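# Architecture and fold: a report
The chain contents come next:
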Amino acid sequence: SMIGDLLDSSLIDAGQLTVEYQPVRLEHLAQEVADELQYLTTSHQIVVEFPSSFPLADADPLRIKQVLRNLVTNAIKYAPQGGLVTIRGEVRSDDLVVSITDQGIGIAAEHLMSLFEKYFRVKASPEHQIPGTGLGLPVARAIVEAHAGRIWAESKLGEGTVIYFSLPRQGLSSIKE
C-alpha cells in the first residue's frame, strides 16, 4: 500500500493520474473495503450505512476503492483503542457524500487544513507510534478532485474524526435511476 501511494503520488505530480468512469454503486464498494479491512483489526467494528435508494455514481471503481481503503485504514490506525468505524453515504441535491467516522485520537483544529498535504502526519502520543508515509490522504484528495469532487475533515481531539468526500451527481448514471 505504501509503494502504491508512492507510485500514485508520482503520477499525480506528473499530471498523469487517470480516471476511468463507469456507473458504480458506492455502497457496494464501501462494503467490499469494509470486508477486506475488517480482518486487520479485532478491536474495531467496521459498519457500512447507506440509504437503500442510494443512486449510482459515475466514478472509477478502482480509484474510489483506493480512497475508501486509505480513509478506513487511517480510521483504524488513529483509533488505537478500537471502536466503531462507520462508512456512511448521504444523497444531496448536487452530490453524493461518503463519510468515514472513527472514535480515535482526533485532530487539532489547526492541523485540519494541512491534513491533505503530502507527508503531513498527525502526531500521536509517544505510546502510540502510527506507521505511514503521509501520502494516503493527499492521494485520496487527488483522486476525489480528479472526479470533480472534494474532500474535507471534521474532528475533535480525544473524540475522533470524520473524513468526508463528495462526488457530483451528474452524467448518465444520474438519469438512469
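Right, let's walk through the structure included here. Because the structure is a prediction, the values reported are computed rather than measured.

### Here we look at the side chain of Asp 95
Along the chain, the position of Asp 95 falls in strand β5 (residues 95-101). Since its relative accessible area comes to 13%, Asp 95 is described here as buried. Here the side chain of Asp 95 touches Arg 92 through a polar contact of 2.9 Å, side chain to side chain. Ignoring sequence-local partners within four residues, the contact set of Asp 95 consists of Glu 90, Ser 166, Leu 167, Pro 168 and Arg 169.

### Quick notes on unusual backbone geometry
With phi around 65 degrees, Ala 148 is a residue other than glycine that occupies positive phi space. Taking the relative accessible area as the measure of exposure, Ala 148 reaches 55% and is therefore exposed.

### Some points on the sheet that holds strand β2 (residues 44-49)
Strand order in the open sheet made by the 5 strands is β2-β4-β5-β7-β6, with mixed pairing throughout. The sheet is open, and its two edges are formed by β2 and β6 (150-156), each paired on a single side. Mean inter-strand twist for the sheet, computed between neighbouring axes without regard to direction, equals 15 degrees. When strand β4 (residues 83-91) meets β5, the two strands line up antiparallel, connected through 6 bridges. In the strand pairing of β5, Ile 87 is matched with Ile 100. With respect to the sheet, helix α2 (residues 26-38) is in contact with β2, β4, β5 and β7 (160-168), its orientation differing from that of β2 by roughly 170 degrees.

Analysis parameters
- Residue indices begin from 1 for each chain and proceed along its sequence in written order.
- Totals for whole chains, interfaces and linings use every residue, but because this is a predicted model, local features are given only for residues with pLDDT of at least 70 and side-chain atom pairs only at 80 or more, for both listing and counting.
- Heavy atoms throughout the structure, all of them, feed into the side-chain values; hydrogens and water do not.
- In DSSP terms, a helix is any run of H or I states spanning at least four residues, a strand is any run of E spanning at least two, and both are numbered starting from the N terminus.
- Partly exposed describes any residue whose relative accessible area lies between the buried limit of under 20% and the exposed limit of over 50%, with all areas from a 1.4 Å probe on protein chains only and scaled to the type maximum.
- Whenever a nitrogen or oxygen atom comes within 3.5 Å of another N or O atom, the pair is scored as a polar contact, on the condition that within protein one atom can donate a hydrogen and the other can accept it, and that pairs from neighbouring residues in sequence are kept only if both atoms are in side chains.
- Residues count as neighbours in contact if any of their non-hydrogen atoms are within 4.5 Å of one another.
- Note on pairing: DSSP must find at least two bridges between two strands before they are called paired.
- Axis lines are fitted through C-alpha atoms, for helices just across the contact stretch, and the angle between N-to-C directions can take any value from 0 to 180 degrees.

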